[in-house]
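Given next are the chains, with one letter for each unit.
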Amino acid sequence: MSSAQLEIQLIASLVAIACAIPGTFLVLRKMAMISDAISHSILPGIVVGFFITQDLNSPLLIVLAALTGVITVVLVEQIQKTGLVKEDTAIGLVFPALFSIGVIMIAKNANDVHLDVDAVLLGELAFAPFDRLLISGVDVGPKSLWIIGIILLITIGLLFAFFKELKLSTFDAGLAASLGFSPVAIHYGLMTVSSVTTVGAFDAVGAILVVALMIAPAASAYLLTTDLKKMLFLSMFFGVFSAISGYWVAHWLDASIAGSITTMLGLLFLVVYLFAPSKGLIAVMYREKQQKIEVSLLTFLLHLKNHTEENERHVNHLREHINWQKIRAKTVVDLALKNNMVTIDNHIVSLTKKGDEFTSQAIDYIITNEDAQIEDMKDDFFLFRG
Amino acid sequence: MSSKIAVQVDDLTVAYNYKPVLWDIDLEIPEGVLMAIVGPNGAGKSTLIKSILGILKPIAGSVSIYGKSYDKQRSLVAYVPQKGSVDWDFPTTALDVVMMGTYGSLGWIKRPGQKEKKAALEALEQVGMLPFKNRQISQLSGGQQQRIFLARALVQDASIYFMDEPFQGVDATTEIAIINILKALRKANKTVIVVHHDLQTVPEYFDWVTFLNVKKIATGPVKDIFNDDNLTKTYGINYKVSIQK
């Protein structure tokens, strides 16, 4: 592996971590689309900054572009506040307008410089190692690496300092306000960090990948954990994993690095979405199926409890009475037998003591909806897990 | 009940997009009362609480807590928002939510430590939710979630408690548990202000009541002013509830 390859992977990984941090909070605040808006609308900021500084990596350019990002958020909120259109419409109005201004400015004035729409959308990660930072003539590494490194350090510093405030205002803005933590200040702080990160990552990975790196790792992590800190770490891990694996996929396929990383992010989310232990699609489908069987079981047990007469409890009559198909009836009876809730004696089904108690308890719960009495049943039955 | 005024609201007017939702409210809440705020939907009950707590900015009027502005008296006040105002799928545990109640006294940047954790565990114990401390909040029933919110307010150890519909969507056991805690707070000379929907239970639960419908209709002891006349004025129809006095 050459040092250029290593540098590209390092840049991609740092970008992934820097994106995962604000991304986690954007996902939790249901503001994923805002990152899309920011990533596009900072273009005019970048172009104006470039005209002034003639340097794509100048700090002034980053400040100007980040400012455009914050202006985007303000504009979206102002349009939304009129009550005439909803938030998604406001986002859809603001960012194409700003983005198109940037596109026109590039087309009119910057045709002959290293700034074109393709690079803006997809980035040029492969070229990142060629743009070196020289300090008094000494090569200290690629410029992009330094830029994203510094942004990441600041982001981590802010996360450490304001983790509590971010968590509180994301979960309960009303309480945050009443306790004196300005949710508005925290909101704009997060928007500023998102904008700065987007600008810093923009040059390396482009507008589309920035969005993917902010949202996909956080969305995947959200399906896997119920702990905010773990969610942050998982997002970072997923981001880095996709960055590095995406790089090698691009290497083998001789394809776009940004495109490959984004594809890996998509695949990663798909796998998590299908296989996540409790929130994944397969787990949910399994749970729903089990719940259906359990409801049937309860119906069956209740029928037995309500009928003491033998002819109502005869195996041959049960199927007609409850009106179930053979397979379903068999599944339910097997489940009841397995749990020692019924006994079958001479074709007559009877509730055991356990089955009787279980039925009363379950009915009580369904009527009163009081949780305390079914705590011990939650482990065995999906039905009672809410 | 002492004669001190815990919360004073003067000429408060609040508007959303220039449409007043609270109009010229004057209100004095004495220390140590357990007060219900009642009124129809859209009467501005939640808005009143939010304006007192500085979450919403009024277009006119002022609020004072024990004679000083809310900003200076924050530490004396605890707030229980409507249960539906937060996302219960948020990745956090019951204990962690209760710990949030300690953030106010910690201030910016400082992290909660052992002392805060201990206080949170005690509050969980008080509402009977200690066995659920590590449970993810979406795995709790509606009643349990409301108890968690109550514990989060208790951990603040405030003098005045504002609660927005704490009985909404809770089971009977939780309702009794909550009202017992509220009565215990009153006994400790705390002031408790509750947005309440169930008119039938007002005389049983509360000793003070405020009728609100954009304007203040009446405020005072339940035994003096909780009558058909005020109910009709507030709800606009000939409202009669059977009240056992």
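Quick summary incoming for the structure in this document. (Residues numbered from 1 in each chain as written. Chains lettered and ligands numbered in written order. Predicted model: local features only at pLDDT ≥ 70, side-chain atom pairs only at ≥ 80, totals over all residues. Heavy atoms only, no water.)

Overview of the packing of helix H9 (residues 183–222) of chain A against helix H11 (residues 257–275) of chain A
All names here are of chain A.
Part 1 of the argument: One way to put it is that H9 packs onto H11 with a least axis distance of 10 Å and a crossing angle of 20 degrees. By the angle between their axes, H9 is roughly parallel relative to H11. In this structure, H9 meets H11 at a crossing whose hand is left-handed. Listed contacts from H11 to Val205, Leu209, Ala212, Leu213, Ala216, Pro217, Ala219 and Ser220 of H9 are Ala258, Ile261, Thr262, Leu265, Leu268, Phe269 and Val272. (Axes fitted to C-alpha atoms, helices over the stretch in contact; angles between N-to-C directions. Helix = DSSP H or I, 4+ residues; strand = E, 2+ residues; numbered from the N terminus. Parallel < 35°, antiparallel > 145°, perpendicular 65-115°, else oblique. Left-handed = near helix turned anticlockwise from the far one by under 90°. Contact = heavy atoms within 4.5 Å.)

Overview of the packing of aromatic side chains
Part 1 of the argument: A full pass over the atoms with the stated rule returns 13 aromatic pairs over all chains.
Part 2 of the argument: Pairing A:Phe237 with A:Phe238 gives two aromatic rings, centres 5.9 Å apart and planes at 50 degrees, and the pair type is tilted.
Part 3 of the argument: Measuring from centroid to centroid gives 6.3 Å for A:Phe237 and A:Phe241, while their planes differ by 25 degrees, and the two rings are stacked. On the criterion of helical spacing, the pair formed by A:Phe237 and A:Phe241 is a turn pair, its members being 4 residues apart in helix H10 (residues 228–253).
Part 4 of the argument: An aromatic cluster of at least three residues, connected via ring pairs, comprises A:Phe171, B:Trp88, B:Phe90 and B:Phe149.
Part 5 of the argument: Between A:Lys164 and the ring centre of B:Tyr103, over which it is positioned, the NZ or CZ distance is 5.7 Å. (Phe/Tyr/Trp six-rings, centres within 6.5 Å; stacked < 30°, edge-to-face > 60°. Lys NZ or Arg CZ within 6 Å of the ring centre and 35° of its normal.)

What to know about unusual backbone geometry
All names here are of chain B.
Part 1 of the argument: A positive phi angle is found at Asp24, which is not glycine, with a value near 50 degrees.
Part 2 of the argument: The residue Asp24 is located in strand S2 (residues 19–30) in this model.
Part 3 of the argument: Phi is positive for Asn189, close to 65 degrees, though the residue is something other than glycine.
Part 4 of the argument: Tracing the sequence through the fold places Asn189 in the loop between helix H7 (172–187) and strand S7 (191–195).

Regarding the interface of chain A and chain B
Where interface size is quoted, it is often the accessible area lost as the parts come together.
Part 1 of the argument: Taken together, the contacts link 35 residues of chain A with 37 residues of chain B.
Part 2 of the argument: Scanning the region where chain A abuts chain B turns up 3 salt bridges.
Part 3 of the argument: Run the count over chain A and chain B and you get 14 residue pairs in polar contact (both at pLDDT 80 or more).
Part 4 of the argument: When contributions to the side of chain A that touches chain B are tallied by element, the ones reaching two or more residues are helix H7 (143–171), helix H8 (173–178), H9 and H10 of chain A. (Salt bridge = Lys/Arg side-chain N within 4 Å of Asp/Glu carboxyl O. Polar contact = N/O pair within 3.5 Å; in protein donor to acceptor, adjacent residues only side chain to side chain.)

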